[in-house]
Protein chains: 2
Amino acid sequence: MSRSDITRRLKRHGVAATPQRVEIAKILLDRPQHLSADQILERLRQEGSAVSKATVYNTMHLFAEKGLVREVNVDPSRTFFDSTTRPHHHFFNIDTGELSDIPDDHVGLQHLPLLPEGTDLDSVEVLVRVRNK
Amino acid sequence: MSRSDITRRLKRHGVAATPQRVEIAKILLDRPQHLSADQILERLRQEGSAVSKATVYNTMHLFAEKGLVREVNVDPSRTFFDSTTRPHHHFFNIDTGELSDIPDDHVGLQHLPLLPEGTDLDSVEVLVRVRNK
DNA sequence: CTCCCGGATGAGAACGGTTTTCGTTTATAC
DNA sequence: GTATAAACGAAAACCGTTCTCATCCGGGAG
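Heads up: these notes are all about the structure in this document. None of these values were measured; they are calculated from a predicted model. (Residues numbered from 1 in each chain as written. Chains lettered and ligands numbered in written order. Predicted model: local features only at pLDDT ≥ 70, side-chain atom pairs only at ≥ 80, totals over all residues. Heavy atoms only, no water.)

1. Here we look at the pattern of salt bridges
Consideration 1: Taken as a whole, this structure holds ten salt bridges over all chains when the rule is applied.
Consideration 2: Note that B:Glu125 is salt-bridged to A:Arg129, the shortest N-O span being 2.9 Å. Of this pair, B:Glu125 sits in strand E6 (residues 119–132) while A:Arg129 sits in strand E6 (residues 119–132), on two different chains. Assigned by exposure class, B:Glu125 and A:Arg129 land together as buried.
Consideration 3: Each member of the salt-bridge network shares a partner with another, and the members are A:Arg70, A:Glu125 and B:Arg129. (Salt bridge = Lys/Arg side-chain N within 4 Å of Asp/Glu carboxyl O. Helix = DSSP H or I, 4+ residues; strand = E, 2+ residues; numbered from the N terminus. Buried < 20%, exposed > 50% of the residue type's maximum accessible area, 1.4 Å probe, protein only.)

Here it is as structure tokens:
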């Protein structure tokens, strides 16, 4: 994805395309993946970028708010940021800590349960925990 | 649940029934509920108990390992301990932070997805996020 | 082109839930 | 009763995340 594609995409979501945000977006939004803040920071460093930790967190929260990424809370030790924003489900490997998408979206609920009194639906997520053979 | 019922239950799961563990079990295992470590500590204090934070965490990990409780990771800010150990699903109210069981266990998957290469199934969890109307 | 202003950035401190450390206490074995 | 191990707990350490606040930057006004 070219820099100008990214810039356009950020703007379309109401996000000003600063150099740091474009660098982060280039890494995370490039393809379907799940990265923690540290992993993003690590990749930035690999490319010689000096974006700060504070900016990575600020940016991820902004992206999440604007619908460019989703936060995934599966591993209690860290938050993953998911570049796929449409509803989908996950595998979580409890041995490796790896998170991956469940490819076939036929995976759905048989019935949607009756929601608790006074609440509206936000999202439905299926998590399939697996371990190494 | 009486003290001796609890003692018996702990022993059945291979857990030595120390006074502190029995006190914690009395609070959490009494009925289906989801409590954080702080909430357990708070209730202990209400009853005049002086069990330490370290022991609450040690005990919860031991209970989880021995199948007396399940850890639920939904709220990135804290771990909930669930006294219901059979497979079931959850509502999470993103406004209040409350976690509750989905009562009707007809909620299941239409298909179990093909697991990633080299992995075995551990568990399947459905999380329905709701917000206040 | 320059000035101004508000948003963005970043270094480091603060925060808070969880884990670890390690000395003391308690239970168990003999 | 003594030895040995397990459990407990106070406090420090840990670590991912958030906050603070001084500085930087960029776009619009003039």
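2. Concerning the protein's contact with DNA strand C
Consideration 1: Taken together, 17 residues lie around DNA strand C, and A:Thr18, A:Thr55, B:Tyr57, B:His61 and B:Thr79 are the ones closest in.
Consideration 2: Near the protein, within 4 Å, the atoms of DNA strand C are sugar or phosphate in 83% of cases.
Consideration 3: Note that a phosphate oxygen of DNA strand C is positioned 2.4 Å from one of the side-chain N or O atoms of B:Tyr57.
Consideration 4: Among the secondary structure elements, those contributing two or more residues to the surface near DNA strand C are helix H2 (19–28) and helix H4 (53–65) of chain A together with helix H3 (37–46) and helix H4 (53–65) of chain B.
Consideration 5: For the surface near DNA strand C, the leading source of residues is H4(B), giving four residues.
Consideration 6: Of the residues in the surface near DNA strand C, the class split is six nonpolar, seven polar and four charged. (Near = heavy atom within 4 Å. Polar contact = N/O pair within 3.5 Å; in protein donor to acceptor, adjacent residues only side chain to side chain. Nonpolar A, V, L, I, M, F, W, Y, C, P; charged D, E, K, R; others polar.)

3. Structural notes on the packing of H2(A) against H4(A)
Residues and elements named next belong to chain A.
Consideration 1: One way to put it is that H2 packs onto H4 with a least axis distance of 10 Å and a crossing angle of 70°. What the angle tells us is that H2 and H4 run roughly perpendicular. Facing Gln-20, Arg-21, Ile-24, Ala-25 and Leu-28 of H2, the residues of H4 in contact are Thr-55, Val-56, Thr-59, Met-60, Leu-62 and Phe-63.
Consideration 2: Taken together, the residues of the contact of H2 with H4 break down into seven nonpolar, three polar and one charged. (Axes fitted to C-alpha atoms, helices over the stretch in contact; angles between N-to-C directions. Parallel < 35°, antiparallel > 145°, perpendicular 65-115°, else oblique. Contact = heavy atoms within 4.5 Å.)

4. Structural notes on empty space enclosed by the protein
Consideration 1: In the structure shown here, the tally under the stated rule is two cavities of 30 Å³ or more.
Consideration 2: In this structure, the largest cavity spans a volume of roughly 200 Å³.
Consideration 3: In terms of lining residues, the largest cavity is bounded by 17 residues, among which A:Asn73, A:Val74, A:Leu127, B:Asn73 and B:Leu127 are the most central.
Consideration 4: Residue composition of the lining of the largest cavity, by class: seven nonpolar, six polar and four charged. (1 Å grid on protein atoms, 1.4 Å probe; cavity = no way out; pocket = protein on both sides within 12 Å on 5 of 7 lines; lining within 4 Å. Points joined across faces, edges and corners; volume = space filled by probe spheres on them.)

5. Brief notes about the protein's contact with DNA strand D
Consideration 1: A:Tyr57, A:His61, A:Thr79, B:Thr18 and B:Thr55 are the nearest of the 16 residues found near DNA strand D.
Consideration 2: The contact atoms of DNA strand D, taken as those within 4 Å of the protein, divide so that sugar and phosphate hold 84%.
Consideration 3: The side chain of B:Arg21 places a nitrogen or oxygen atom 3.3 Å from a phosphate oxygen of DNA strand D.
Consideration 4: Per-element tally for the surface near DNA strand D: the top contributor is H4(A), with four residues.

6. Let's talk about the interface of chain B and chain A
Consideration 1: Listed as interface residues are 33 residues of chain B and, on the opposing side, 34 residues of chain A.
Consideration 2: Of the roughly 3200 Å² buried where chain B meets chain A, counting both sides, 52% is carbon and sulfur surface.
Consideration 3: By the criterion of area lost to chain A, the three top residues of chain B are B:Asp120, B:Arg129 and B:Arg131, representing 18% of everything that side buries.
Consideration 4: Linking chain B to chain A there are four salt bridges.
Consideration 5: Mapped by element, the contributors of at least two residues to the side of chain B that touches chain A are strand E4 (90–93) and E6 of chain B.
Consideration 6: Per-element accounting of the side of chain B that touches chain A gives the leading share, 14 residues, to E6(B).
Consideration 7: Here the residues of the side of chain B that touches chain A are counted per class, giving 17 nonpolar, ten polar and six charged. (Buried area = accessible area lost by both parts, 1.4 Å probe.)

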